[in-house]
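Coordinate analysis (summary)
The chain contents come next:
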Amino acid sequence: MNRFEFFRPATLDSALALTAPSPQPQPDEEGGVVWLAGGQSLLAAMKLGMATPSALVDLQDVPGLRDIRLEPGADGQTALWIGAMATHASVAASDVVRRFSPGLAALAGNIADAQVRNMGTLGGALAHNDPAACWPAGVLAAGASIVTQRRTIAADAYFQGLYSTALTAGELILGVRFPPSSGLHYIKFEQPASRFALTGVAVARSAQPDHAVRVAVTGLGFGVVRWDQAEQALMANFDFTALDALTPLHASNVSVGLEALGDMHATAAYRCHLAHVLLRRCVAEISGRPLPPRAPLTPLTRAAAQPQAGAQALTERGQPSEPAPPVPAAPAAREGFGGCQHLAAPAAQVWQAILDPAHLQTSIPGCESLVQRSAQAYEATVKVGLGPLSVRFKSEVTLSDLRPPESLTLGFVGQAGALGSGQGTAQVRFEPTADGGTDLHWWVQVQLSGRLAQFGNRLVEASARKLSAEFFQRFSAVLHPGDGQTLPGGQQLAGSWRAMGARLKSFVQRLLSFTRK
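Residues numbered from 1 in each chain as written. Predicted model: local features only at pLDDT ≥ 70, side-chain atom pairs only at ≥ 80, totals over all residues. Heavy atoms only, no water.

1. Digging into the overall build of the chain
Within the chain, the regular secondary structure consists of 16 helices and 21 strands. Here the chain holds 517 residues, and 47% of them are scored as buried. Pairs at least 24 apart in sequence give 56% of the contacts found in the chain among residues at least 6 apart. Here the chain displays about 24,900 Å² of accessible surface, and carbon together with sulfur accounts for 54% of that area. (Helix = DSSP H or I, 4+ residues; strand = E, 2+ residues; numbered from the N terminus. Buried < 20%, exposed > 50% of the residue type's maximum accessible area, 1.4 Å probe, protein only. Contact = heavy atoms within 4.5 Å. Areas by Shrake-Rupley, 256 points an atom, 1.4 Å probe, with all protein chains shown as cover.)

Below is the structure:
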């Protein structure tokens with residue numbers, strides 16, 4: 001544990017005053033002032049040295065943040081208010097919640113283990129926004145509103161991807177307002193060790209006359225998402241038979257309208273399959289119509305369930321039948337992750353720019369230096385804010401297989417101090433397009449060690465996809481400095497790396513549930 005100050009304010013005003021910006025901020029101060037809610041992720045991160053806040057503001061004595069009550073809604077209907085500091089256990093045991101929405105009480109009662117349920121809070125879970133957490137799915141499916149000291153944020157606008165939310169610096173969740181529903185149900189398939197959702201599905205049906213349906217899925221790797229195709233099917237016919245069109249495709253086993261990431265616990269295809277199965281169970285529970293019993297295995301389906309070459313199928317009497325034909329082995333999955341970015345410049349220009357140290361240093365966030373040691377070797381020093389940390393990465397990059405202006409391979413080795421190290425390769429291909437531009441295809445394979453390895457490939461991949469898109473937007477602006485390009489929301493490119501830094505901060509600051517269990 002590093003040294004830090006601890007505050008336990010007794011009023012909301014005094015708590016907010018503690019997070020007000022300092023008139024003379026310290027540029028090298030790590031972490032800053034951090035809210036302490038349940039502490040189930042933050043304290044574990046501090047023990048691992050991954051979070052070093054300068055001060056903690058404990059919210060447990062602030063009055064009103066644990067309230068659970070009914071109150072008038074904006075449309076005249078009764079809404080449910082759950083305070084940000086209400087623990088999962090208190091929500092599960094609340095008679096108010098059980099009467100208003102039994103599904104929410106059941107969701108809270110099945111989070112993690114007894115210690116986490118009695119210490120973890122609704123506000124902490126939503127601020128953390130773990131991509132495999134339960135509360136984000138329930139809040140998004142319910143169409144709830146997150147209320148802070150500054151504004152009210154609709155759930156659709158609040159959740160912004162992997163560990164990312166609409167909260168700004170110093171903004172504090174006061175509570176969540178849930179509209180009435182005619183049914184809400186959440187089911188998850190747990191990862192046994194952590195009890196996070198390998199995949200989880202929440203379905204809610206509005207109490208309004210239109211009976212609008214909302215479906216939220218967690219555990220896919222990108223953060224909680226809505227399943228639009230499932231909602232449309234259920235709006236037309238709220239019955240599990242309406243979901244047959246979403247059945248996973250035989251070739252890819254990917255459900256229609258869903259995308260997932262795989263890791264050591266489950267493949268992307270398996271997560272999508274689980275989402276479809278859990279969705280059917282949720283709909284059956286809300287509609288009160290039980291799912292049909294599973295059909296008995298026929299000799300053909302028994303053979304399919306035993307993919308070993310030459311396995312014998314069984315007849316209904318249990319006697320061996322003719323040997324089943326060999327089942328072709330699935331092609332080996334290609335490890336790593338990649339993407340494609342279109343650049344409005346010819347391939348030769350893109351080739352020269354991506355090898356130019358000056359262009360690269362401008363494009364890389366927090367790059368303090370980039371030195372070309374030889375024709376095919378670079379050294380870089382990059383200082384990036386990762387949550388409460390300020391980490392300086394020292395990297396060596398070598399180029400090989402250069403085929404200008406078609407393709408190249410980059411090998412890299414990076415050291416991140418106490419966080420560990422990483423090494424890998426990046427294959428880059430430049431494909432000219434009909435409009436005179438270039439499609440830049442990239443594929444990265446990485447091996448992590450130390451604490452970085454605890455994050456998991458699925459989470460690293462999801463974050464890399466976000467950051468790569470922002471990198472190439474910056475790189476495109478370097479190629480065309482006169483275009484005056486802006487980022488979404490009207491931010492100038494000069495502020496793009498502030499946004500990138502915020503993404504990286506969110507990534508490491510809030511990944512820590514995977515290390516705490």
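Next comes the rest of the account.
2. Quick notes on the packing of aromatic side chains
One pass over the structure, following the stated rule, counts 4 aromatic pairs. With centroids separated by 6.5 Å and ring planes inclined at 90°, the aromatic side chains of phenylalanine 189 and tyrosine 270 adopt a geometry described as edge-to-face. You can see phenylalanine 189 sitting in strand β9 (residues 181–190) and its partner tyrosine 270 sitting in helix α11 (residues 268–287), a full 81 residues away along the chain. What makes tyrosine 270 partly exposed here is its relative accessible area of 33%. (Phe/Tyr/Trp six-rings, centres within 6.5 Å; stacked < 30°, edge-to-face > 60°.)

3. Regarding unusual backbone geometry
Proline 404 connects to proline 405 through a cis peptide bond whose omega is -10°. Along the chain, the position of proline 405 falls in the loop between β18 (389–403) and β19 (407–415). Of note, asparagine 129 is a non-glycine position whose phi angle comes to about 55°, a positive value. Looking at the secondary structure, you find asparagine 129 in the loop between α7 (122–128) and α8 (135–142).

4. So, the sheet that holds strand β3 (residues 55–58)
Strand order in the open sheet formed by 3 strands is β1-β3-β2, with parallel pairing between adjacent strands. Here the strands that pair on one side only, and so sit at the sheet edges, are β1 (5–7) and β2 (33–36). For this sheet the average axis-to-axis angle between neighbouring strands, irrespective of direction, equals 25°. The pairing of β1 with β3 spans 3 bridges and is classified as parallel. The partner of phenylalanine 6 across the bridge, within β3, is leucine 56. (Pairing = 2+ DSSP bridges. Axes fitted to C-alpha atoms, helices over the stretch in contact; angles between N-to-C directions.)

5. Here we look at the side chain of threonine 87
Considering the arrangement of structural elements, one finds threonine 87 in the loop between β5 (78–83) and α3 (88–93). What makes threonine 87 buried here is its relative accessible area of 11%. Excluding residues that lie within four positions of it along the chain, threonine 87 makes contacts with Arg66, Arg117, Asn118, Met119, Gly120 and Thr121.

6. Description of the side chain of threonine 148
Summarising the element assignment, threonine 148 is placed in strand β6 (residues 145–148). Once you skip the residues sitting within four places of it in the chain, threonine 148 turns out to touch Ile153, Leu167, Glu171, Leu172, Ile173 and Leu174.

7. Brief notes about α8
In terms of burial, α8 is a largely internal element, 8 of the 8 residues being buried. Looking only at α8, the buried set comprises Trp135, Pro136, Ala137, Gly138, Val139, Leu140, Ala141 and Ala142. Phi turns positive, to about 65°, at glycine 143, one or two residues after α8.

8. Overview of the sheet that holds strand β11 (residues 213–218)
Working definition: the strands of a sheet are paired by backbone hydrogen bonds and lie parallel or antiparallel to each other. Pairing within the open sheet is antiparallel, and its 4 strands lie in the order β9-β10-β11-β12. Looking at the sheet topology across the chains shown, the edges are occupied by β9 and β12 (225–226). Pairing geometry for β11 and β12, over 2 bridges, is antiparallel. Bridged to valine 217 within β12 is valine 225. Its contacts with the sheet put α8 on β9, β10 (197–206), β11 and β12, and the angle it makes with β11 is roughly 165°.

9. Thoughts on the environment of aspartate 263
Within the secondary structure, aspartate 263 is located in the loop between α10 (228–236) and α11. Separated by 42 residues in the primary sequence, aspartate 263 and glycine 221 place their C-alpha atoms 9.3 Å from one another.

10. A short note on the pairing of strand β8 (residues 173–178)
With 5 of 6 residues buried, β8 lies mostly within the body of the structure. As judged from the 4 bridges shared by β5 and β8, these two strands associate in the antiparallel manner. Counterpart to leucine 80 in the pairing with β8 is phenylalanine 178. Across 4 bridges, β6 lies against β8 in antiparallel orientation. When the sheet's bridge partners are listed, serine 145 is paired in β8 with arginine 177.

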